[in-house]
Amino acid sequence: MNDELPDRIVQFLTEVLDDANALRWLSKFDAETVKPFLTSYYFFRTCWINFGEVHLQSKEKYVTAHLEEAETALEMILQKKLFDLQCQWRAEVLQLPGVTHSMQFIKLGFDVQHVEFVPPITAEEFEILKGWLQNPDAGIDAPSDEGWQDYNKFAIDRQAQKASDFPAFFKYVDAQLGRTSLWDTLENIRGGKEFHYFDERMQQDLAAAAAESATRLPSLFERDTYLSEFANVFEDRITNDRRIAMEQSAEVSERSLMDALNLLKETKTPIPIEANDDWRQAVIATASKLQRERLLNALDVAWENYQFRQQNHIALSEREPSPIDRLRLKQHETYGTYILEGREILGEPKDFNF
């Protein structure tokens, strides 16, 4: 049951299985969805326990790791390079070592610094990134839960003519380099072929699901719907108080103001407050400006570190995926399996040579 799970999660699962109230609550749901739900729940539970007290008391200072943010910002260039390679791979312009199906780009994007076929960052690209980060609205967060390589989501949004999460930074880089966007010009040939086989295999699942839907228990895959409900059943009062405090502070405006105040409190030198009729917005704007200045200063250090690693062939430690990311990546591999099984159903070779 617990293959490939870290010991701390296995221990948590054991605790849940020893709790009669938890078992009674979980028995209402499809058994196949219980383990993924609990694995994901563990991640949120850890956040409540470790950080919920901050939201309850608001006494701890936030320690801003500017160099770590700068490293993340630097990775945006590598993400853009990988996305361009993905566009070319999907258009069957080129092949890439080890890539057999499109969902593998999501996994590559989670640890892009270790993708050997992505070219190194150039000095010109670094200056473009610095220019981008001068913009007060420029962000460094991934545009999707699946990261920077979520081609399918971007494509679905574009086809539906709805507001897209397609990274504005990607468009900015192309504009600065004076080149046409591969995203706008290359056809998704490979993706269409994959979907043909994937859909053939999915029809079997849909038929089976329809046959058993009348008796099947509800699924726990709609995780967010059940997090609080299960917490009320399983957790003690202290953990639930911390959870509620975090949930209540999740509103963007409140969280932004709290983050801004904590950042400004740790600053030793006087800082002029930005003009605004609303003092809250003035504080947030001031902190945002300070944050950006520190990020830009740290970016030069991050760039020097990157160049040093490149020149001396020093590799970063591989990034450990979170429990949620691990579940997503496992689902992506299922996508590849379904493509192969779809080919088999159609009487074609069970390989990716199509």
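The preceding data block contains the structure.
Residues numbered from 1 in each chain as written. Predicted model: local features only at pLDDT ≥ 70, side-chain atom pairs only at ≥ 80, totals over all residues. Heavy atoms only, no water.

**Regarding unusual backbone geometry**
In this structure, glutamate 92 is a non-glycine residue whose phi angle is positive, near 60 degrees. Looking at the element boundaries, glutamate 92 is found in the loop between helix H4 (66-90) and helix H5 (104-110). If you check the backbone angles, histidine 313 has positive phi at about 55 degrees while not being a glycine. Look at histidine 313 and you get exposed, because its relative accessible area is 73%. (Helix = DSSP H or I, 4+ residues; strand = E, 2+ residues; numbered from the N terminus. Buried < 20%, exposed > 50% of the residue type's maximum accessible area, 1.4 Å probe, protein only.)

**Here's the deal with the packing of aromatic side chains**
Tallying each qualifying case throughout the model produces 31 aromatic pairs. Centroid distance phenylalanine 83 to tryptophan 183: 5.9 Å. Interplanar angle 55 degrees. Geometry classified as tilted. Here phenylalanine 83 is found in helix H4, whereas its partner tryptophan 183 is found in helix H9 (residues 182-185), with 100 residues between them in sequence. Classification of phenylalanine 83 by relative accessible area gives buried; the value is 1%. In this structure tryptophan 183 comes out as buried when scored by relative accessible area, which is 5%. A ring pair is formed by tryptophan 89 and phenylalanine 105, whose centres lie 5.5 Å apart and whose planes are at 65 degrees; its orientation type is edge-to-face. Residue tryptophan 89 is located in helix H4, and its partner phenylalanine 105 is located in helix H5; the two are separated by 16 residues in the primary sequence. As far as burial versus exposure is concerned, tryptophan 89 and phenylalanine 105 are alike and both buried. (Phe/Tyr/Trp six-rings, centres within 6.5 Å; stacked < 30°, edge-to-face > 60°.)

**Quick word on the pattern of salt bridges**
Opposite charge on two side chains lets them pair, provided their charged atoms get close. Inspection of the entire model under this criterion finds 20 salt bridges. Among the ionic pairs, arginine 309 bridges to glutamate 71, the shortest N-O distance being 3.6 Å. Of the two residues, arginine 309 sits in helix H14 (residues 279-311) while glutamate 71 sits in helix H4, which places them 238 residues apart along the sequence. The pair formed by arginine 309 and glutamate 71 is uniform in burial state, with each residue classed as buried. Between aspartate 351 and arginine 343 there is a salt bridge, with its nearest N and O atoms 2.6 Å apart. Classification of arginine 343 as buried rests on a relative accessible area of 5%. (Salt bridge = Lys/Arg side-chain N within 4 Å of Asp/Glu carboxyl O.)

**Remarks on the side chain of threonine 39**
Take threonine 39: it is sitting in helix H3 (residues 34-57). Engagement of the side chain of threonine 39 in a polar contact is seen with the backbone oxygen of lysine 35, the distance being 2.8 Å. Once residues lying within four places of it in the same chain are set aside, the contact partners of threonine 39 are Leu5, Ile9, Pro323 and Leu327. (Polar contact = N/O pair within 3.5 Å; in protein donor to acceptor, adjacent residues only side chain to side chain. Contact = heavy atoms within 4.5 Å.)

**Examining the packing of H4 against H14**
In the contact formed by H4 and H14, the axes pass within 7 Å of each other and the chain directions differ by 65 degrees. The orientation of H4 relative to H14 falls into the category roughly perpendicular. Crossing handedness for the pair H4 and H14: right-handed. Facing H4, whose interface residues are His66, Leu67, Glu69, Ala70, Glu71, Ala73, Leu74 and Leu78, H14 presents Gln291, Arg294, Leu295, Ala298, Leu299, Val301, Ala302, Trp303, Asn305, Tyr306 and Arg309. Taken together, the residues that form the contact of H4 with H14 break down as twelve nonpolar, three polar and four charged. (Axes fitted to C-alpha atoms, helices over the stretch in contact; angles between N-to-C directions. Parallel < 35°, antiparallel > 145°, perpendicular 65-115°, else oblique. Left-handed = near helix turned anticlockwise from the far one by under 90°. Nonpolar A, V, L, I, M, F, W, Y, C, P; charged D, E, K, R; others polar.)

**As for helix H7 (residues 151-159)**
Residues of H7 that are buried: Tyr151, Phe154 and Asp157. Buried residues of H7 fall within an arc of 135 degrees about the axis and therefore sit on the same side. Pointing more than 90 degrees away from the buried face of H7 are the exposed residues Ile156 and Gln159. For H7, the elements touching its buried residues are H4 and H9. Directly beyond the C-terminal end of H7, a positive phi value near 55 degrees is found at glutamine 161. (Arc of directions from axis to C-beta.)

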